[in-house]
Amino acid sequence: MLLLLFSLLLLLHQNKCWNIIGVQEVRDVFPGPDSSTVDFGAGYNAISLSRTGTYAIADPQSQHLPTTPSSSFISQRFQLRHFKRREDLLKFYMNDNAIVTAGDGLKGRSTSTFLQIVSGEGITSLDSLLVVDIDLVTDSQMINGKVELSETAQRMMKQDERKFISMFGTHYLRCVVRGGKLILLVKIRSHSPVGKEQLDKEMAGLAGTLSLKDEAQFRTKMTKLQTLGTLDWVLYTLGGTVKPPETLSLLQAVNFALKFPSQVLQQDEVRELQYLGYWLLPSVPWSFSTTVSSYQQYTVEIMDSLTDIRGLEDEVGNLKNLRSSQLTWITRNGWKEIGEVESETKNQRKALSSQFTSANIEKFKDIGKKYDGAAEKLKNELNEILKEDATLIDVMDFAVSQG
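Analysis parameters
- Residues numbered from 1 in each chain as written.
- Predicted model: local features only at pLDDT ≥ 70, side-chain atom pairs only at ≥ 80, totals over all residues.
- Heavy atoms only, no water.
- Helix = DSSP H or I, 4+ residues; strand = E, 2+ residues; numbered from the N terminus.
- Buried < 20%, exposed > 50% of the residue type's maximum accessible area, 1.4 Å probe, protein only.
- Contact = heavy atoms within 4.5 Å.
- Areas by Shrake-Rupley, 256 points an atom, 1.4 Å probe, with all protein chains shown as cover.
- Phe/Tyr/Trp six-rings, centres within 6.5 Å; stacked < 30°, edge-to-face > 60°.
- Core = buried A, V, L, I, M, F, W, Y, C linked by side-chain atoms within 4.5 Å.

Caption draft 1: Just the overall build of the chain, in detail. Assigned secondary structure in the chain consists of eleven helices and ten strands. Each of the 403 residues in the chain was classed as buried or not, and the buried ones make up 52%. For the chain, the share of sequence-separated contacts (at least 6 apart) that also reach a separation of at least 24 residues comes to 84%. Put simply, the chain shows about 18900 Å² of open surface, and 50% of that area lies on carbon and sulfur atoms.

Caption draft 2: Here's a closer look at the packing of aromatic side chains. Counted by the stated rule, this structure contains nine aromatic pairs. On the numbers, 5.3 Å between centres and 40° between planes, the contact of tyrosine 44 with tyrosine 275 is tilted. Here tyrosine 44 is found in strand S2 (residues 42-45), whereas its partner tyrosine 275 is found in strand S10 (residues 269-277), with 231 residues between them in sequence. Here tyrosine 44 matches tyrosine 275 in class, with each residue buried. An aromatic cluster is built from Phe164, Phe168, Tyr172, Tyr278, Trp279 and Phe288, whose rings are joined through pairwise contacts.

Caption draft 3: Expanded view of the side chain of glutamine 274. Tracing the backbone through its elements, the reader meets glutamine 274 in strand S10. The residues touching glutamine 274, leaving out its near neighbours within four places in the chain, are Glu25, Val26, Arg27, Tyr172, Leu173, Arg174, Cys175 and Val177.

Caption draft 4: Structural context of the nonpolar core. Membership of the largest hydrophobic core comes to 50 residues, with the highest contact counts inside it found for Leu149, Phe164, Tyr172, Tyr278, Leu281, Phe288 and Phe364. Counting residues per element, this core draws most heavily on helix H8 (residues 287-321), at nine residues. With 29 residues, the next largest nonpolar core counts Leu199, Leu225, Leu248 and Val254 among its residues.

Have a look at this one:
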């Protein structure tokens with residue numbers, strides 16, 4: 001099965017997605033339900049962003065790390081977080097070592113509901129976000145003892161490193177973390193940037209760290225949240241004996257969150273997979289990391305293009321949200337042309353995602369070149385449309401003033 005949901009990857013770093021080149025550890029922080037079937041030593045390809053389904057490690061053994069006697073959880077966290085922008089939320093959850101693919105048809109598989117929502121079209125620049133995050137770790141296992149490539153894998157590594165990558169990937173699974181995770185994402189949309197600025201100040205006051213026993217304080221904060229505007233929300237869970245219903249009120253979501261920890265103690269799930277680069281093994285020459293990095297630069301170029309294209313989609317979406325308020329001066333024909341740019345942008349994103357998913361890594365260089373600058377070209381078309389309508393308004397205003 002393919003790995004990681006890369007939700008864009010809008011790990012935006014200076015308006016670019018991320019830099020996977022030479023990353024020694026890859027962490028899947030939103031594993032799908034198929035993750036329980038992944039065994040130690042399983043391969044991951046950090047070039048194509050996919051699980052390989054093959055094993056290069058010889059007889060990997062695991063070590064069980066039990067929970068401490070003083071606590072039911074190895075670790076537990078209950079936090080309310082405020083985010084002004086979707087990009088800030090993604091950057092927080094996709095930290096420097098987490099590689100995640102996109103719900104845009106990139107090499108994801110069992111996709112995370114949470115990241116699908118975040119990477120979708122439902123969040124705009126006028127939305128303020130509050131996230132209820134309950135993170136629980138019940139258990140952890142990792143490869144123990146000496147780790148080596150199998151004889152077959154060693155022979156292939158010596159003969160052809162590129163063939164090895166195609167077969168076994170670039171990293172191997174060395175640690176599995178079990179537990180549960182709940183994310184309640186609440187969104188409030190403002191009517192203007194000024195209104196959003198005030199709303200963000202009030203929502204920031206609700207953020208903070210709570211104890212799992214702070215039921216009254218949690219309910220008070222969520223009641224206050226409901227007074228700030230019209231709310232939309234989505235609930236994502238991993239682990240627990242009961243799955244939340246597809247539709248539920250905010251009160252029901254709050255009640256579910258409070259009961260969630262006890263459910264996880266009864267039934268936990270794989271909540272993180274950690275992969276380590278093969279080049280850290282004694283039997284693997286350091287030249288392997290150079291080979292991996294040389295291909296990863298093309299992956300980064302493709303992801304940068306995807307991020308730019310998706311960013312333009314967001315920009316068009318923001319224009320449409322302001323159509324009836326601040327952008328009434330745009331003509332009907334102007335909106336028609338903006339719609340055409342939006343349609344072409346979506347087509348470009350889907351085509352890029354499809355080609356990345358289906359192509360051999362040897363083709364990544366060509367794909368990167370093909371889409372380099374695609375977003376900039378469409379952005380220029382959008383700017384010309386806006387410039388033309390703005391000029392038309394100036395001409396009409398001048399004619400009226402002379403009338």
